[in-house]
Amino acid sequence: MKSKNQAIGIFDSGIGGLTVANAIARELPNEDFIYFGDTAHLPYGDKSADTIRYYSLRIAKFLLDQNCKMVVVACNSASTAANKVLLEFFQEGTHIVNVVDPLVDACVSLQMSKVGIIATKATIGSGVYQKQLKEKQAELDIHAQATPLFVPMIEEGFVHNNISQSIIEKYLGDEGFKDMNALLLACTHYPLIKDSIQEYIGPDINILESSEVAAKAVRSTLEKNDLLNPKSNPGDHKFYVSDLTDSFARTARHFYGEDIDLTHLPLWD
Ligand code: DGL
């Protein structure tokens with residue numbers, strides 16, 4: 001049985017999912033959460049679906065062993081590869097929120113005629129966004145493109161310079177994006193370059209990203225299951241990573257928006 005005062009478990013391939021964790025902290029400031037970033041295995045975006053599923057199942061088990069009332073799959077690559085297997089494996093009574101469903105719903109609610117999707121190779125290759133969007137809006141025109149250089153570029157801090165600008169132009173200058181009305185940032189890292197992307201594609205194209213809609217989905221799932229934490233003091237937040245280097249510790253601040261302490265938890269030993 002899950003209870004209101006248990007923590008929310010959040011996981012990602014690394015530190016990018018901190019964008020989602022921060023949105024959850026803003027949406028639900030009194031909830032405790034445990035974040036696990038699988039920095040030992042990142043990036044997931046270049047891995048096979050089977051490998052991502054294996055890692056995701058192990059991490060979800062860890063979070064449930066920590067007595068979490070819900071597991072949030074903050075990573076798009078893990079959400080597209082592993083959502084089904086997580087639901088099958090943990091079955092009833094386990095609340096799993098992924099980042100794909102809320103973003104698809106947000107997009108469909110706008111009733112656009114053409115959308116672009118950018119994400120990792122794993123996310124685009126899974127076809128999950130494309131399939132779910134088509135199921136909900138059959139006539140929607142979709143251009144989905146993997147943009148694998150963005151993750152290392154952002155992690156290396158190349159966000160507002162001529163290198164990031166050239167890569168944005170190279171990817172988003174593709175003919176396939178012509179006439180889109182909205183662009184889905186289907187990767188944890190991309191909110192950090194949202195303004196540069198907006199500047200390049202122009203102000204009339206809507207940019208949608210997962211962190212805020214996912215945080216709202218977490219709220220509504222907790223509400224529906226009567227699991228919102230009633231306490232009035234700020235939530236306790238723990239941040240674990242499977243590998244800890246100076247660079248992860250430094251970069252975490254950019255993704256979370258404030259200083260946080262990462263704790264090394266060697267889950268794979
Ligand atoms: N978190 C991943 C995602 O949202 C991006 C980083 C990675 O490839 O591991 O797809």
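Above: the structure in question.
All of the points below concern the structure found in this document. Note that the structure is predicted; figures quoted are calculated from it, not measured. (Residues numbered from 1 in each chain as written. Predicted model: local features only at pLDDT ≥ 70, side-chain atom pairs only at ≥ 80, totals over all residues. Heavy atoms only, no water.)

**Digging into the sheet that holds strand β5 (residues 114–119)**
Move 1: Spatially, β6-β5-β7-β8 is the arrangement adopted by the four strands of the open sheet, whose pairing is parallel. The strands lining the two open edges of the sheet, one partner per strand, are β6 (141–146) and β8 (206–209). Recorded for the sheet is a direction-independent mean angle of 20° between the axes of neighbouring strands.
Move 2: Here β5 runs beside strand β7 (residues 182–185); their pairing, made up of four bridges, is parallel. (Pairing = 2+ DSSP bridges. Helix = DSSP H or I, 4+ residues; strand = E, 2+ residues; numbered from the N terminus. Axes fitted to C-alpha atoms, helices over the stretch in contact; angles between N-to-C directions.)

**Things to note about helix α6 (residues 128–136)**
Move 1: Among all positions of α6, only V128, Y129 and L133 are buried. Seen from one end, α6 has its buried residues packed into an arc of 125°, which puts them on one side. Projecting away from the buried face of α6 at angles above 90 degrees are the exposed residues K131 and E135. (Buried < 20%, exposed > 50% of the residue type's maximum accessible area, 1.4 Å probe, protein only. Arc of directions from axis to C-beta.)

**A look at the pairing of β7**
Note on strand geometry: in a regular strand, side chains alternate between the two faces of the sheet.
Move 1: Burial along β7 is two-sided: A182 and L184 and L183 and L185, pointing in opposite directions, are all buried.
Move 2: Sheet topology note: the β7/β8 ladder contains four bridges and is parallel. Directly across from L183, in β8, lies its bridge partner I207.
Move 3: You can see the chain leave β7, run along helix α9 (residues 194–201) and come back into β8, and the turn it takes is right-handed. (Right-handed = clockwise from strand over helix to strand, strands pointing away.)

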